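So the chains spell out like this:
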Amino acid sequence: MTGWTAIVPIKAVGRRKTRLAAHLSAIGREELVENLFYHVVQTLQACAAVTRIIVLSEGPMLMAGLEWIADKGGGLNAELERARHAAGQVPQLIIHADLPLLTVADVDHFLRLGAGQSAIAPDRAAIGTNALALGSGNPFTLCFGPGSFQRHCEQAPGAVIVRDRQGLSLDVDEAEDLQQAIRLGFSGQ
């Protein structure tokens with residue numbers, strides 16, 4: 001099997017982690033987002049199965065070994081579909097940049113399960129989707145946003161659902177998510 005291409009979307013500056021505004025300053029939210037992003041990317045870089053990392057963002061994220069596709073503001077799903085098309089017909093991992101406990105073992109496990117088919121990693125509440133492994137090349141339309149986990153499952157009824165990996169399920173959207181991540185060892189650095 002060809003190596004995996006990881007696509008990591010990151011929101012534009014000023015629109016990041018707005019639900020944490022009551023708990024963190026704008027600068028604190030930006031620092032948190034950058035720390036989470038770099039953690040996820042460094043984890044992906046350490047995975048032998050991931051041979052290419054594409055960042056979808058408003059501006060380039062300066063880090064060696066990354067490709068950049070400009071987010072033109074068409075909405076997350078449309079922009080990710082454009083990035084997927086640009087990546088070509090290869091196994092693709094779409095993973096969000098706010099997973100503070102993500103490990104190489106989590107990614108390796110997820111990609112093994114997604115090889116030749118699809119795997120979906122929901123958030124802790126099983127409402128949103130934190131990662132998709134699309135290894136089959138079968139048609140798949142992205143539908144991130146509220147309720148995305150159910151919509152993604154409907155599109156890929158045979159997909160492997162990965163709920164047992166804390167590194168894939170704990171994303172940081174709310175203050176309680178950040179507190180949980182800190183309790184479990186995330187330093188924010």
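How each quantity is defined
Residues numbered from 1 in each chain as written. Predicted model: local features only at pLDDT ≥ 70, side-chain atom pairs only at ≥ 80, totals over all residues. Heavy atoms only, no water. Disulfide = S-S within 2.5 Å. Buried < 20%, exposed > 50% of the residue type's maximum accessible area, 1.4 Å probe, protein only. Phe/Tyr/Trp six-rings, centres within 6.5 Å; stacked < 30°, edge-to-face > 60°. Helix = DSSP H or I, 4+ residues; strand = E, 2+ residues; numbered from the N terminus. Contact = heavy atoms within 4.5 Å. Salt bridge = Lys/Arg side-chain N within 4 Å of Asp/Glu carboxyl O.

(A) A look at the state of the cysteines. Summed over the entire model, instances satisfying the criterion amount to 0 disulfides. For the unlinked cysteine C143, the closest cysteine sulfur is that of C153, found at 9.6 Å. Given a relative accessible area of 13%, C143 falls into the buried group.

(B) Structural detail: the packing of aromatic side chains. If you walk through the whole model with that rule in mind, you get 1 aromatic pair. Both rings, one in F37 and one in Y38, keep their centres 5.1 Å apart while their planes meet at 70°; by these two values the pair is edge-to-face. In this structure Y38 comes out as partly exposed when scored by relative accessible area, which is 24%.

(C) Highlighting the environment of A119. Secondary-structure assignment places A119 in strand β5 (residues 118–122). Along the sequence, A119 and G135 sit 16 residues apart, while their C-alpha atoms lie 8.3 Å from each other. Those residues in contact with A119 that sit more than four places away from it in its chain are F110, L113, G114, A131, L132, A133, A159 and V160.

(D) Up close: the pattern of salt bridges. One pass over the structure, following the stated rule, counts 5 salt bridges. The closest approach of N and O atoms between E81 and R84, which form a salt bridge, is 3.5 Å. Taken together, the positions of E81 and R84, both in helix α2 (residues 76–87) and 3 residues apart, correspond to about one turn of that helix. For E81, a relative accessible area of 25% corresponds to the partly exposed category. The exposure class of R84 is buried, given its relative accessible area of 14%. The closest approach of N and O atoms between R165 and D106, which form a salt bridge, is 2.8 Å. Here D106 lies in helix α3 (residues 104–114) and R165 lies in the loop between β7 (160–161) and α5 (166–169), a separation of 59 residues in the sequence. Under the relative-accessibility criterion, D106 is labelled buried at 6%.

Any functional reading would require information that these geometric values do not contain.
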